[in-house]
Protein chains: 2
Amino acid sequence: MMRTVCLVSDRTGITTEMLGHSLLTQFATLRFRTLTMPFVASVEEARGVVARIDAIAREEGMRPLIFSTLVDDEVRAVVREANGFFMDFFDAFLAPLETELGMRSAHVRNAHPPGIVVDPAHSARVNATNYALANDDGAGARDYRSAQVILLGVSRTGKTPTSLYLALQYGIFTANYPLTDEELESGRLPPVLVPYRDKLHGLTIRPERLRQIRQERRPESRYASEPQIQFEVRSALALFERCGIPYLDVSSISVEEIASRILATKNLSRQVRA
Amino acid sequence: MMRTVCLVSDRTGITTEMLGHSLLTQFATLRFRTLTMPFVASVEEARGVVARIDAIAREEGMRPLIFSTLVDDEVRAVVREANGFFMDFFDAFLAPLETELGMRSAHVRNAHPPGIVVDPAHSARVNATNYALANDDGAGARDYRSAQVILLGVSRTGKTPTSLYLALQYGIFTANYPLTDEELESGRLPPVLVPYRDKLHGLTIRPERLRQIRQERRPESRYASEPQIQFEVRSALALFERCGIPYLDVSSISVEEIASRILATKNLSRQVRA
């Protein structure tokens, strides 16, 4: 039997989804259907959510689970009355935190420090994304001076998705540089990168994994051939070792994990609100 | 006085950061310094974290706040002993959920359903990102058949960052189509889009806001001129109205909010784990 789970948020719902999923995966033998209900910011919208949840409970003959992140006390109070098993993030944590900090919290949605005007078109996320696109794989004029990290690796090691993830998730200015045969043969760091050695981070991969990825892209090409791949992967690794460039094997980790490990290694911190 | 906050996670730390920040913004008059401590997956790593936290408590003469998302009971038990004010997400929610569901949860990190092999290079996120890059602003051959949503708008309405955000955050295949003068003058939907009308979503913007953005990009150009912008914004809006294409004004909302609202409007759901 399938249990319905309502993820109710006063903002985009992303945090609520993360919370919900991380709890639900702990019950792997059960089946869940999740419904995200974002932007529930007023009492009126909250009443709409309650009506939806009550209808589901009637239809399914079982009350849904409700995970919510609703900071406004009034809005939360409305949703709590729905016919569901209600768990709210702020309910659980704000009160103990108020005690520890010795003050009452704002209980307001989406608090921005006063005086700060939010400009979506120039947010750190958008700026960093535009930077990543302009400094991707040798496209466009390169501006390594503005980079916070420069990813280095052979073709198909995940440089582009990682750059974009670092930009969109963390607001980090990330350039990337594909190592060519010539550079790998020379065994030296490309001269253009020498002034930025401290910003470099290598990506490496197991040869058999790279072969598989390249075969799908260009079957039976030199690009996907065993000797070429062995040469590239070995030379890149040797270069990283010789120049003391930190690197990460991406063969079996996700883009989220690659990004997060690079931040830790380079001692960089998030530039935008989580 | 600055209070240190340690965000401890057994995975990338993104969820933990979101939780921490959403709580801390409720105490806007206090100053916090946050330290993310990701990949704390073993008892040994947990001991390292405890040593770090204890050192901070000694140095600062005040115990740090600790927000954690540690699903493993043993690892959590170790971090709980640190000299800090400890709050764990699973501590708060797993027990009530176990009662409601009538079963004990797995208490294991990063549970994947058995038999599912994770392939990072072919994850939905990476596939969707490659799709967005290949179908961005008329670059490359367009494959609208595979799109789950096609963003439509004039230049500088945030189509590209939104496409990439939809790909990386949600795994949604998003194409985007810039409306040209010629198309806007004709007042008709570009023929290539007609078969995909149901997938279209418009982005619009206030003329004065667009003017500001374009001025920065190409000062004093026709592209940034008042009449040109008035023409483009009005014609695009008229086109959306005439064709019944849902649209969103992006003038003062963030890329996260644009993405999340589009999903809600198009009734699309997340394709990847939050």
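Up top is the structure these notes are about.
Given the structure is predicted, the values throughout are model-derived calculations rather than measurements.

Caption draft 1: Summary view of the interface of chain A and chain B. Contact with chain A, which involves 58 residues of that partner, is made by 58 residues of chain B. Among the secondary structure elements, those contributing two or more residues to the side of chain A that touches chain B are α1 (14–24), β4 (85–88), α4 (89–101), α5 (124–134), α6 (159–170) and α10 (255–266) of chain A. Take the side of chain A that touches chain B: its biggest share by element is 8 residues, from α1(A). Tallied by class, residues from the side of chain A that touches chain B come to 34 nonpolar, 17 polar and 7 charged.

Caption draft 2: How the structure looks around the pairing of strand β1 (residues 2–9) of chain B. Residues and elements named next belong to chain B. Note: β1 against strand β2 (residues 31–37), 7 bridges, orientation parallel. Directly across from R3, in β2, lies its bridge partner F32. Read as a crossover between parallel neighbours, the route from β1 over helix α1 (residues 14–24) to β2 is right-handed. As paired elements, β1 and strand β3 (residues 65–69) share 5 bridges and run parallel to each other. Paired with V8 across the bridge in β3 is S68.

Caption draft 3: Just α10(A), in detail. Between the first and last C-alpha of α10(A) there are 16 Å, a value that for 12 residues agrees with the 16 Å anticipated at 1.5 Å per step. Against the buried residues of α10(A) lie β5 (149–153), α6, β7 (200–204) and β8 (247–249) of chain A together with α1 and α5 (124–134) of chain B. One or two steps after α10(A), the chain reaches N267(A), where phi turns positive at roughly 60 degrees.

Caption draft 4: Structural view of the sheet that holds β2(B). Residues and elements named next belong to chain B. What the 4 strands build is an open sheet, ordered β2-β1-β3-β4; its pairing is parallel. Each of the sheet's edge strands pairs with one partner strand only, and the pair in question is β2 and β4 (85–88). Geometrically, the sheet is characterised by an average inter-axis angle of 20 degrees between neighbouring strands, direction not taken into account. The strands touched by helix α4 (residues 89–101) within the sheet are β3 and β4, with β4 carrying the most contacts at an inclination of about 45 degrees.

Thresholds applied
Residues numbered from 1 in each chain as written. Chains lettered and ligands numbered in written order. Predicted model: local features only at pLDDT ≥ 70, side-chain atom pairs only at ≥ 80, totals over all residues. Contact = placed C-beta atoms within 7 Å. Helix = DSSP H or I, 4+ residues; strand = E, 2+ residues; numbered from the N terminus. Nonpolar A, V, L, I, M, F, W, Y, C, P; charged D, E, K, R; others polar. Pairing = 2+ DSSP bridges. Right-handed = clockwise from strand over helix to strand, strands pointing away. Expected span 1.5 Å × (residues − 1). Axes fitted to C-alpha atoms, helices over the stretch in contact; angles between N-to-C directions.

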